[in-house]
Amino acid sequence: MPKNKITFDKTEVCILDDSGKRQQLLNLTYDRITSIQFDHSTMPFLGIFKKPSDRIMVSIRGLEKPCILYSAREGEFFQGYVDGLRKFAKDNRITLHDHL
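Note that the structure is a prediction, hence the values are computed from the model and not measured.

### What about the layout of surface pockets?
Space inside the largest pocket adds up to approximately 360 Å³. Surrounding the largest pocket, 18 residues form its lining, D17, S19, P66, C67 and I68 being those nearest its centre. In terms of residue count, strand β6 (residues 67-70) provides more of the lining of the largest pocket than any other element does, four residues in total. Here the residues of the lining of the largest pocket sort into nine nonpolar, two polar and seven charged.

This is the structure:
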């Protein structure tokens, strides 16, 4: 059962990153986020297959890899993440690449 992985505050975003071996809770102030990108992509599926899916990619200052969320995994919460991140980026003047 998917759960809400992104919560928004006025100048901070909390992201539950489960892309690695362990889950991490990232408390990110607006100045740590370098850019946010929305686009169409393919998601790795069962190691060898690729499945088409929309993607959110958040580039973070101080981290080597960006935080990536796929619509196929997030289900009903994905559109809420996109809407919330659009508003957050606009309010805090963060670079937004919206290709959806």
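The discussion continues.
### Observations regarding the nonpolar core
Ranked by internal contacts, the top residues of the largest apolar core, which has 20 residues, are I6, I15, I33, I36, I56 and V58. Among the elements of the structure, β2 (12-17), β3 (24-29), β4 (33-45), β5 (49-60), β6 and α2 (78-92) are those that each provide at least two residues to this core. In terms of residue count, the dominant contributor to this core is α2 (six residues). The residues contacting V58, other than those within four sequence positions of it, are I15, I33, S35, P66 and C67.

### Focus: the sheet that holds β2
The strand order across the open sheet formed by three strands is β1-β2-β3, and the pairing between neighbours is antiparallel. A single partner strand is all that each edge strand has here, and the edge strands are β1 (6-8) and β3. Strand-to-strand twist in this sheet, taken as the mean axis angle between neighbours without regard to direction, amounts to 15°.

Thresholds applied
Residues numbered from 1 in each chain as written. Predicted model: local features only at pLDDT ≥ 70, side-chain atom pairs only at ≥ 80, totals over all residues. Heavy atoms only, no water. 1 Å grid on protein atoms, 1.4 Å probe; cavity = no way out; pocket = protein on both sides within 12 Å on 5 of 7 lines; lining within 4 Å. Points joined across faces, edges and corners; volume = space filled by probe spheres on them. Helix = DSSP H or I, 4+ residues; strand = E, 2+ residues; numbered from the N terminus. Nonpolar A, V, L, I, M, F, W, Y, C, P; charged D, E, K, R; others polar. Core = buried A, V, L, I, M, F, W, Y, C linked by side-chain atoms within 4.5 Å. Buried < 20%, exposed > 50% of the residue type's maximum accessible area, 1.4 Å probe, protein only. Contact = heavy atoms within 4.5 Å. Pairing = 2+ DSSP bridges. Axes fitted to C-alpha atoms, helices over the stretch in contact; angles between N-to-C directions.

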